[in-house]
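Analysis of the macromolecular model
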Amino acid sequence: QVQLVESGGGLVQAGGSLRLSCVASGSIFSINAMGWYRQAPGKQRELVAVCTSGGSINYADSVKGRFTISRDNAKNTVYLQMSSLKPEDTAVYYCRYSVPYSQYEYWGQGTQVTVSS
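Anyway, here's the lowdown on the structure attached to this text. (Residues numbered from 1 in each chain as written. Predicted model: local features only at pLDDT ≥ 70, side-chain atom pairs only at ≥ 80, totals over all residues. Heavy atoms only, no water.)

**Looking at the side chain of S53**
Basically, it comes down to this: Helix and strand assignments follow DSSP, with helices taken as H or I runs no shorter than four residues and strands as E runs no shorter than two, numbered in order from the N terminus. Distance and chemistry together define a polar contact, namely a pair of N or O atoms within 3.5 Å, with one atom able to donate a hydrogen and the other to accept it when in protein, and with adjacent residues in sequence counting only for side-chain atoms on both sides. Contacts are residue-level and defined by heavy atoms, with any inter-residue pair within 4.5 Å sufficient.
In this fold, S53 is placed in the loop between strand 5 (46–52) and strand 6 (57–59). At a separation of 3.2 Å, a polar atom in the side chain of S53 contacts the main-chain carbonyl oxygen of S30. When near neighbours in sequence (up to four residues on either side) are disregarded, S53 contacts S30, I31, N32, R71 and N73.

Encoded structure:
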């Protein structure tokens, strides 16, 4: 089992910044992927950014150039620095931990990000 605890969400004006954090604990595999997904009301959950333990990174086109994902493997923590936030970034942001080529997948409880115009 893996537990994920997210923090850092909140209310911010358009153009502002927020930093999300997600700490993983429990049975952590050395090879894994940690990332952020989001779900806005009435929409499907979508990928925001993901980073593997080897350092490979992938971003959704909608956040490229504005969001930066990073991780501290020693602390089993992944971060999402969000800048130039837009109202359309408003969503619940979820942290996800997964082990490639396996059934292991865990989700955090979600943290609300609200961007006002």
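**Quick notes on the layout of surface pockets**
Defined as follows: Lining residues are those with an atom within 4 Å of a point, where the points come from a 1 Å grid over the protein atoms alone and group into cavities, where a 1.4 Å probe fits but cannot get out, or pockets, open sets with protein on both sides within 12 Å along at least five of seven lines. Grid points are joined across faces, edges and corners, and a volume is the space filled by probe spheres set on the points. Three categories are distinguished: nonpolar for Ala, Val, Leu, Ile, Met, Phe, Trp, Tyr, Cys and Pro, charged for Asp, Glu, Lys and Arg, and polar for the others, with Gly belonging to the last.
One number sums up the size of the largest pocket: a volume of about 170 Å³. Lining the largest pocket are 13 residues; nearest its centre among them are R38, K43, E46, E88 and D89. Here the lining of the largest pocket is composed, by residue class, of 2 nonpolar, 4 polar and 7 charged.

**Regarding the pattern of salt bridges**
The condition is simple: Within this document, salt bridges are pairs made up of a side-chain nitrogen of Lys or Arg and a carboxyl oxygen of Asp or Glu, the two lying within 4 Å of each other. Each residue gets one of three labels from its accessible area relative to the maximum for its type: buried under 20%, exposed over 50%, partly exposed in between, using a 1.4 Å probe on protein chains only.
On inspection of all chains with the given rule, the structure shows 5 salt bridges. Between R38 and E46 there is a salt bridge, with its nearest N and O atoms 2.8 Å apart. Note on R38: relative accessible area 6%, which makes it buried. The partly exposed category is assigned to E46, whose relative accessible area is 37%. Close ionic contact of D89 with R38 constitutes a salt bridge, the shortest N to O distance being 2.9 Å. Taken together, the residues span a long stretch of sequence, with D89 in the loop between strand 8 (77–82) and strand 9 (91–98) and R38 in strand 4 (residues 33–39) at a distance of 51 residues. By relative accessible area, D89 is classed as buried at 0%. One salt-bridge network, in which partners are shared between bridges, spans R38, E46, R66 and D89.

**Overview of the pairing of strand 3 (residues 18–26)**
Rules: In this analysis, strands are considered paired if DSSP registers two or more bridges between them.
Taken together, the 6 bridges between strand 1 (residues 2–7) and strand 3 define a ladder with antiparallel strand orientation. Opposite V2, over in strand 3, you have G26 as the bridge partner. Bridge analysis of strand 3 against strand 8 gives 6 bridges, and the strand direction is antiparallel. Residue pairing across strands places C22 opposite V78, the latter belonging to strand 8.

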